[in-house]
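One letter stands for each residue in the lines below.
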Amino acid sequence: MQCATIGQEYGGLGLPASTYAKIIMRISAAWMALSGIFNSHLMMAAAVERFGTEAQKAHSLPDEFVRSNQPWPHQLRAWKRRGIRTVVNLRGGFDASFHALEKDACAALGMTLVNFTLTSRDAPDRDQLHAAKTLFETIEYPILIHCKSGADRASLFSALYVHFHLGGDIPTALRQLDIRYLHLKRGRTGILDYVFELYLAEGAPTGLTFSEWIDTPVYDPARIKAAYRARTKRSVLADLVPRE
């Protein structure tokens, strides 16, 4: 619903505006606030679809790396034609219908499907972070990575890619956690930003690399989550926006 009129090649439903209007009328009759979330998301997506570059529409980094929302089988076929060899699912959901469709489509297309489950509302544990670094070193490129909306888990994974694989510093990697990708820092998902900000405050001044810092006792996901909750006034609206 968030991208109902956006073309299917970019993850939308491709519905005509008249159909979307009828749907919103029904939703508004039950809960007006929810329709506002859908409409604001659609306006941003429509602007990108109409005026954005192809790279902005697909959230590409280098040609070897594309970030996306959950792709449908026909979209996977299109990405296969564009050279994508590996798909990385960041969602989990192995009993869900979307995963069954994705798994079957990748098998039929000869694409490798890698499941690498992340969460957007907790600090990643050190094993996940090291596993991501190893994955970037061993995976077959070009790759397409996705969560549900391409907003939070995809942003985290992209930031790790920029740092671990491209060699970008942490401030550069943090640019992947941005509102232009629909990542909201003021909600519970802001803990992803906080992990990197905490490294810049605690680890970098001591001369530790990010990889070294996460291996110290200081890097405790439970402690980080508690500290994040205590230090910030989160936006209730940000937490209500359906991106997961």
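One can find the structure itself at the top, above this paragraph.
Keep in mind the model is a prediction, meaning the values are calculated, not measured.

### Considering the sheet that holds strand β4 (residues 143–146)
Across a sheet, strands are paired by hydrogen bonds formed along the backbone, either parallel or antiparallel in direction.
And then number 1: Taken together, four strands build an open sheet; the order of strands is β1-β4-β2-β3 and the sheet is parallel. The open sheet is flanked by β1 (65–68) and β3 (112–115), the only strands paired with a single partner. Between one strand axis and the next, the sheet turns by 20 degrees as a mean value, whatever way the strands run.
And then number 2: Judged from the four bridges that link them, strand β2 (residues 86–89) and β3 form a sheet pairing that is parallel. The residue bridging Val 88 from the neighbouring strand is Val 114, located in β3.
And then number 3: Against the sheet, helix α7 (residues 153–165) engages β1, β2 and β4, with an angle of about 165 degrees to β1.

### Some words on the packing of aromatic side chains
And then number 1: For the coordinates displayed, the defined rule picks out eleven aromatic pairs.
And then number 2: With a centroid separation of 4.0 Å and an interplanar angle of 25 degrees, the aromatic rings of Phe 65 and Tyr 161 are classed as stacked. A residue pair is termed long-range when its members are at least 10 positions apart, and Phe 65 in strand β1 and Tyr 161 in helix α7 qualify at 96 residues. The same class applies to Phe 65 and to Tyr 161, which are both buried.
And then number 3: Where Phe 164 meets Phe 210, the ring centres are 6.2 Å apart and the plane angle is 45 degrees; that geometry is what we call tilted. Placement of the pair is Phe 164 in helix α7 and Phe 210 in helix α10 (residues 210–214), with a sequence separation of 46 residues.
And then number 4: Through successive ring pairs, a cluster of aromatic residues spans Phe 164, Phe 196, Tyr 199, Phe 210, Trp 213 and Tyr 219.

### Focus: the nonpolar core
And then number 1: Judged by nonpolar contacts, the single largest core of 41 residues is most densely connected at Leu 90, Phe 157, Leu 160, Phe 196 and Phe 210.
And then number 2: Residue assignment for this core shows that the elements contributing at least two residues are α6 (126–138), β4, α7, α8 (170–174), α9 (191–203), α10 and α11 (221–231).
And then number 3: Counting residues per element, this core draws most heavily on α7, at eight residues.
And then number 4: Leaving out residues up to four positions away in the same chain, Leu 160 has contacts with Leu 129, Ala 132, Phe 136, His 165, Phe 196 and Phe 210.

Reading the values: the criteria
Residues numbered from 1 in each chain as written. Predicted model: local features only at pLDDT ≥ 70, side-chain atom pairs only at ≥ 80, totals over all residues. Heavy atoms only, no water. Pairing = 2+ DSSP bridges. Helix = DSSP H or I, 4+ residues; strand = E, 2+ residues; numbered from the N terminus. Axes fitted to C-alpha atoms, helices over the stretch in contact; angles between N-to-C directions. Contact = heavy atoms within 4.5 Å. Phe/Tyr/Trp six-rings, centres within 6.5 Å; stacked < 30°, edge-to-face > 60°. Buried < 20%, exposed > 50% of the residue type's maximum accessible area, 1.4 Å probe, protein only. Core = buried A, V, L, I, M, F, W, Y, C linked by side-chain atoms within 4.5 Å.

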